[in-house]
Amino acid sequence: MKKVRFLKEKSRKDTIVFLEMRNRFVLAISLLAFLTLVRYCRFANSLRGIAPPIHESLQVDSPLLSRAAKAQNLVHDRYGSVIRQAGTDTIILDEHEANFGGSLDGVRGKHKDGRGGIEALCKNRYVHVLDVPKEFNEQLLQECHTLKDWSDMCVALSNAGLGPAMVDEDAFTSSGWYETNQFALEVIFHNRMRQYDCLTVDPSMASAIYVPFYPGLEASRTLWSSDIKARDTIPLKFVEWLQKQPEWAAHGGIDHFMVGGRITWDFRRQGNSWGNKLLTLPPMQNMTTLVIEASTWNTNDMGIPYPTYFHPSCDSEIRAWQQKVRSFQRNVLFSFAGGKRDNMARLIRGQVIDQCGRSPLCKLLSCDRGACQSPQPVMKLFKESQFCLQPQGDSATRRSIFDSMLAGCIPVFFHPESYSGYVWHLPKNQSEYSIFISEDQIRKGVLTVENVLRGVETETIQRMRERIIGLIPNLVYADPRMSILEESTDAFGITIKVLTLS
């Protein structure tokens, strides 16, 4: 027995050493990739007369950016204000605004009238960030190894939430690509908010108040627990704290918003079923929660895109990827990446997979044995395909919708709710960028996917693909450590614009 215990202990220590070495290797590769990315963006923008600053204090492997990373490029003058050079223009900020980390990356060449310039830029756009106790965000990152029982989220949340950098020029462009976890949006969004142009420490000036709670990461620790009380402990504690804040008391939370990096159903437990009850609590009906899949009938949540693998740092990276998407040779009419879900009889995934397997025009990537855990085979399939099938899975939407569109593949939906909640980022006319085939027609054998897609004219396919390529900036979250987007607005920018103007 002692020998067995000794061997187990030795095996455990060897495993820990191996994981530590692996994590250090991944983070070293990420650092090299990021430095290459910085050099690329500086070169690309310098061709257009712009040389963005590099912040030496950036922590490449850190999940959460320091405000000092943005403040480093600010210089105090003797009057207690802050002067920052934006191209050839000079802009003066209030000391509080500067210390809060306000960014002026989008101001270059727009304002030359000092304080009035920044006020004009930020009119109706100010956001106040609530000072949330660390147990609701930073502590979760510090305890990242506890977020999932079967995998270590620490590496997944590195690089400000983007995950390890990827280098595969055959499938991707040379920079901006990361192995991003689909549930990392809370961290990415928070770090993007730290770089936002119009932050204010005065909540009375703000059009919206951002609450940087990470409810999705918190929920991931207890979702599979049979202890319902344990699932609700932190949500109840958070809501109790939130209601005591003076910012909440001012308007009852109507101007508050937060990001829940999971689907809405993970926060809407009914009875003793799945999830916690965060979004069903009465106070939460006032504030807006941004989720990767929203409810079609509740009004307190809104859908924003799943994070993809692409996080550009400058417009030239977006243009380079769009151009590459146009060049892909698509020899596969339609494809599907996913598993059957045999335990969910209501789904048509089984029929879709069977039809794909029988058609010489379809290519299947089965995810049942973990083949889809790596981005490369998934994106390779999408870039080869004209159409990408997106049947329902655990819920109506899938990350695959946005990954496929990122590759220029036209999504094929089978349920109306698969469109749910993305009205801020996708066209109202769904036929501009997608094909719809009713689930019932597939279930009853009235239609086959192949016959429907073979009937789509070449001109229509080309027009839809070009529409999708034009939408790519809307669907990606720029690198929160150094994003110089002057011509494009990413998914974060669109979201903040709607929230502050509504």
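Let me sum up the structure you'll find in this document. Just so you know, these numbers come straight off a predicted model, no measurement behind them.

The next thing to look at is the sheet that holds strand β9 (residues 332–338). Through backbone hydrogen bonds, the strands of a sheet pair up, either in parallel or in antiparallel fashion. If you walk across this open sheet you meet the five strands as β10-β9-β11-β12-β13, and the pairing is parallel. The outermost strands of the open sheet, each flanked by one partner alone, are β10 (362–366) and β13 (435–436). Of the strands in this sheet, β9, β10 and β11 (385–390) are in contact with helix α12 (residues 349–358), which crosses β9 at around 140°. Packing of helix α13 (residues 375–384) onto the sheet brings it into contact with β9, β10 and β11, and relative to β11 it is tilted by some 120°.

Here the focus is the packing of helix α7 (residues 185–193) against helix α18 (residues 491–501). Close contact between α7 and α18 brings their axes to 11 Å; oriented N to C, the two are set at 70°. Between α7 and α18, the interaxial angle falls into the category roughly perpendicular. Only F492, T495 and I496 of α18 make contact with α7, whose side of the interface consists of F189, R192 and M193. In terms of residue class, the contact of α7 with α18 is made up of four nonpolar, one polar and one charged.

When we look at burial in α12, the residues that qualify are R349, V352, I353, Q355 and C356. One side of α12 carries all its buried residues, which in axial view fall inside an arc of 160°. With respect to the buried face of α12, the exposed residues turned more than 90 degrees away are G357 and R358.

The subject of this paragraph is the pairing of β9. The buried count for β9 comes to seven of seven residues, which makes it a mostly enclosed element. For β9 and β11, the ladder comprises three bridges, and the chain directions are parallel. Looking at the pairing, S335 lines up with C388 of β11. With five bridges joining them, β9 and β10 adopt parallel strand pairing. Bridge pairing in β10 links F334 to C362.

Relative to the helices and strands, Q243 is located in helix α9 (residues 228–243). Taking C-alpha positions, Q243 is 7.7 Å from P283, a pair spaced 40 residues apart along the chain. The contact partners of Q243, leaving out residues within four places of it in the chain, are W248 and P283.

Turning to the pattern of salt bridges, a few remarks are in order. For the coordinates displayed, the defined rule picks out 18 salt bridges. In this structure, the salt-bridge partner of D266 is R262, at a minimum N-O distance of 2.7 Å. Both residues of the pair, D266 and R262, count as buried. Ionic pairing is found between R399 and D403, a salt bridge with its closest N-O pair at 3.0 Å. One end of the pair is R399 and the other is D403, both in helix α14 (residues 399–406) and four residues apart, which spans about a single turn. Take R399 and D403: they sit in the same class, and that class is buried. Shared partners join several salt bridges into a network, and the residues in it are E143, E218 and R221.

Rules and cut-offs
- Residues numbered from 1 in each chain as written.
- Predicted model: local features only at pLDDT ≥ 70, side-chain atom pairs only at ≥ 80, totals over all residues.
- Heavy atoms only, no water.
- Pairing = 2+ DSSP bridges.
- Helix = DSSP H or I, 4+ residues; strand = E, 2+ residues; numbered from the N terminus.
- Contact = heavy atoms within 4.5 Å.
- Axes fitted to C-alpha atoms, helices over the stretch in contact; angles between N-to-C directions.
- Parallel < 35°, antiparallel > 145°, perpendicular 65-115°, else oblique.
- Nonpolar A, V, L, I, M, F, W, Y, C, P; charged D, E, K, R; others polar.
- Buried < 20%, exposed > 50% of the residue type's maximum accessible area, 1.4 Å probe, protein only.
- Arc of directions from axis to C-beta.
- Salt bridge = Lys/Arg side-chain N within 4 Å of Asp/Glu carboxyl O.

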